[in-house]
Every structure is written in structure tokens, then in C-alpha cells.
Amino acid sequence: MEKRIKAPLTDEIVLSLHAGDKVIIDGPVLAARDAAHAKLVELLDKKENLPVDLQGQIIYYVGPTPARPGYVIGSAGPTTSSRMDKFAPLLIERGLKGMIGKGFRSQAVKDAIMKYKAVYFAATGGAGALISKRIIKQEIIAYEELGPEALRLMVVENFPVYVVNDAYGEDLYIQGQQKYAR
Amino acid sequence: MRTIKEEEILNAVKKVCIEAAFDLSKDVKEALNNALQAEESEVGKSILRELIENAEIASRERLALCQDTGFAVFFVEIGEQMHIEGSLNKALTEAVRQAYQEEFLRKSIVADPLRRKNTGDNTPCIIHISFVPGDKLTIMFSAKGGGSENMSRVGMLKPADGIDGVKNFIVETARLAGPNPCPPIIVGVGIGGTFEKAAQLAKRAIFRDVGKHNQDPFYADMEKELLVKINNLGIGPQGLGGRMFALAVNIDAFPCHIASLPLAVNIQCHSSRHRVITI
């Protein structure tokens, strides 16, 4: 079933989503990967303020190619989410509601998704040129020195994803594989 | 003795680095189209259509096929009857530096694995050199993505583990990789040699065109059998469930020690950016 949702997310939106749903996202999302996650968690550990408010936010795990002149962004597909597993539970506890990436999540992340009502989406890995067309604005909001790993704010339109891990503990990677295994 | 100039190598390599980032190679395009015909899952079909459309947009707008424009890996075969005027290392490194800087490709290399400062120009490169008869220079290039590389494995099996042990290790590596390496994947396998030779063979195997089998019928049959087994896992495109988890299994083998059975599996994503040039 295809659903259209607006970011940032509320508990009500999160609870309406189920593993296997195709979802179209519109609105603002944060973009961060390994190095920016490490910095955010370091600030939280030191009890300092983050450069951005996480309440209801979606983080897209992406490190885009540089934009050509006249383009909003370069190629911008998802990166492997498991590298952010170490950091994600704390960010979810602090208000993060959604994550977009590709690949397996750890049990700790799945538990946090259930406990705090969040959701994990998969975007199509290796479709960076196509996905770049669904990002209509982007700016670096912190850690510019990290280059492709800087923290960005993006605005997406018609951004296609699948729900992999929902707040009910369901997992599309397990369901999908079971359905087609021989 | 034939002479080839550094500059000639640089220009030819730069051209293919750029082409590989934007133009999906013919073998992979065909494989994706065939996969679309064979896929049973609606979600899987929709993913494969996206990948085909992605390749069209990338080529038309000179946008990288994938934002991970990879680590530049070269296999170079130097003819024993030729001589390079200048530095081969400099030609390859400079080709990568210029291609990545001029064409808005991502710089994905950090100077040190623990201190992790980006080198800013996607260098250095990984260069494997061998010497062959003749007066030609053959350069094979792949822009190797990190997500699929991370799901690769090396195993030092016992000779008694035999063919079944090898097959199980390969299928298990694919199963453990699951959705992470951007399936549909290409599975490169190196059997034999030593610890490092097996890994090098597996890497070399992902440079082979999809659809081309090992010339030894024994290994060609094993490639076909393993492809069926891996696709029967049901993992499918992007791991969301389906028939087409892998496009190819490419095996390369090499003599090994009486005590050893080294085995390496190098996983490649569907965005297999590979080119060969002969000068």
C-alpha cells in the first residue's frame, strides 16, 4: 500500500506505518552519515546543545557527490545504515522519529524504534542520480569541514522509500526473504 | 621495445574513470533488463525499473550513477616488450585526481584508517601489477564502492572442507550480506593461492563482465550452480524479497599449498563500474 507523509513526523504518522508499505515523503529531512553522527553523539555525551533540534526529525543517511553548477545536489542515494547503529538509539531517545538508509539495523536500534515510536525506511541503494531529482533544496548546517559527511538540511519532494522496521517490531527484510526463499 | 608515454596513459585512464562514473556498462545494463524479466516480486520489479531509469538519468545529465564513486582499483598488465616513459603510478594517480575533481565525483578516501582525514582528491589508488608477454599495456579499472566491499569475507578453509565447504562459505557470505551491499549483487570469488592471493583473485573476478563464465567448465558449472543457490535465498533486489539477489557469480582459481584452501568472496553492488583499456 502506498502512503504519502509529510516530514517532520508525529507519533500518529509513525504508528500508521507498517513494514512493507511504500511511502512517499515530502518536507524537510536532515542528512548525516558516520562522522556527523559521531559529533552529534559526542555533544549529547557532554550535555551540550546540538546544532539542530531532533524532535520529530528524519535523518537521511547520505553523503552526496558535489553539485554541478546549476544543480541543487549531486548524486545522493542512501548509504549503509548499520554504521550508524552505534549512534541511532540515543538520537531516537532524544526525539528522532525516522531514519532513511539501506540494509540491516541492530537489535538495539529495532528496540529503540519500538520503545520510542520511530520508523526505519529503505531508499534504493545505487539510485543516487534518480534520487537527486527528489531533493529540491539543501544547505549545510554544521561540520562543513567534513565535506561529503557534513550535516545538511534537505527538503525532499516525492521521495520514495519502503518501511523496513516499524514501531510494532515488524521487519520487511525478514518478511520479504521468507516469502521468496526456496 | 615499444615505448608508451606517461601522458598517454593518464589521458586514456582519466577518460574511462569519468565514463565509468556516469555510463553503466553494457553487460550490467543487459543483466538488469534480464533480471526485470525474471523477477517475480512486484517490489523487486519496481526497484529494477528504478535502477534502469537511474542509469538513463546518470548518462544523460552526467550525474554519478551512485554517490559512492568508489575507491579506484586498477589491475595493470604490462607487456614485457614495452617500456613506460615516465611513471605509471603517477599517470594512474593523476588520472583519478583530475577525473574526480573536474567531474564532481565524491572524494571518499581518508588518508589514515584511524585518524580519518579526507585526502580531498580520491587518491591514492589501489594498483595491482603483473607482467605478460607482448608489447601492449592493459589497464583494468573499477570504482569500488564501500558498502559492498564491507560485506566481503576471507576464509582459510581446510583442504578436507572440499567443494561443499567452499560452496557453503560463498552462499553464507551472500546471505550475511543481505540488503547491505545494494543487491542485485555480483559475487567475486577467489579460490586458492595464499591469504592475500585469494582476495586479489576475488577482486579480479568482479572485473569480469556479467554473463561471462570461467573458461574451465568445472568452475563455469560451479558459477551457475551457486548463482541459483544464492538467488534461492529469496533476498531479492535491495533485500526487500524477490528472485534476483545476484546477477553473477564469477570464480577465479589459482594453485595452492598442500596444507591450504584459501577462499575469498568480494561482493560488488549492481552499480559495477568497470572498464578495460589496451594501449
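Residues numbered from 1 in each chain as written. Chains lettered and ligands numbered in written order. Predicted model: local features only at pLDDT ≥ 70, side-chain atom pairs only at ≥ 80, totals over all residues. Heavy atoms only, no water.

A. Region of the structure containing the UniProt feature "domain: Fe-S hydro-lyase tartrate dehydratase beta-type catalytic" (unreviewed entry) in chain A. Within the UniProt annotation, "domain: Fe-S hydro-lyase tartrate dehydratase beta-type catalytic" (unreviewed entry) is assigned to residues 7–175 of chain A. When the span residues 7–175 of chain A is considered, its composition is 24% helix and 26% strand, and the gap between its end C-alpha atoms is 26 Å. (UniProt positions renumbered as here; feature names shortened; annotations may be inferred. Helix = DSSP H or I, 4+ residues; strand = E, 2+ residues; numbered from the N terminus.)

B. Structural view of empty space enclosed by the protein. Under the definition given, this model contains three cavities of 30 Å³ or more. Taken as a whole, the largest cavity holds about 60 Å³ of empty space. Lining the largest cavity are 13 residues, and of these Thr65 of chain A together with Arg62, Leu63, Ala64 and Phe104 of chain B lie nearest its centre. Grouping the constituent residues of the lining of the largest cavity by class yields seven nonpolar, three polar and three charged. One number sums up the size of the second largest cavity: a volume of about 40 Å³. Within the lining of the second largest cavity, the residues separate by chemical class into four nonpolar, four polar and no charged. (1 Å grid on protein atoms, 1.4 Å probe; cavity = no way out; pocket = protein on both sides within 12 Å on 5 of 7 lines; lining within 4 Å. Points joined across faces, edges and corners; volume = space filled by probe spheres on them. Nonpolar A, V, L, I, M, F, W, Y, C, P; charged D, E, K, R; others polar.)

C. Up close: the UniProt feature "domain: Fe-S hydro-lyase tartrate dehydratase alpha-type catalytic" (unreviewed entry) in chain B. In the numbering used here, UniProt assigns the feature "domain: Fe-S hydro-lyase tartrate dehydratase alpha-type catalytic" (unreviewed entry) to residues 11–277 of chain B. Split by type, residues 11–277 of chain B is 40% helix and 25% strand. Its first and last C-alpha atoms lie 11 Å apart.

D. Inspection of the packing of aromatic side chains at higher detail. Residues and elements named next belong to chain B. All chains considered together, the criterion is met by five aromatic pairs over all chains. Ring geometry for Phe74 and Phe141: centres 5.3 Å apart, planes at 40 degrees, overall tilted. Of the two residues, Phe74 is situated in strand E2 (residues 71–79) and Phe141 in strand E5 (residues 137–144); the sequence distance between them amounts to 67 residues. A relative accessible area of 0% means that Phe74 is categorised as buried. (Phe/Tyr/Trp six-rings, centres within 6.5 Å; stacked < 30°, edge-to-face > 60°. Buried < 20%, exposed > 50% of the residue type's maximum accessible area, 1.4 Å probe, protein only.)

E. Representation of helix H2 (residues 26–38) of chain B. For H2 of chain B, with 13 residues, the first-to-last C-alpha span of 18 Å sits near the 18 Å given by 1.5 Å per residue. Buried-residue contacts for H2 of chain B involve helix H3 (42–61), strand E8 (246–256) and strand E10 (273–278) of chain B. (Expected span 1.5 Å × (residues − 1). Contact = heavy atoms within 4.5 Å.)

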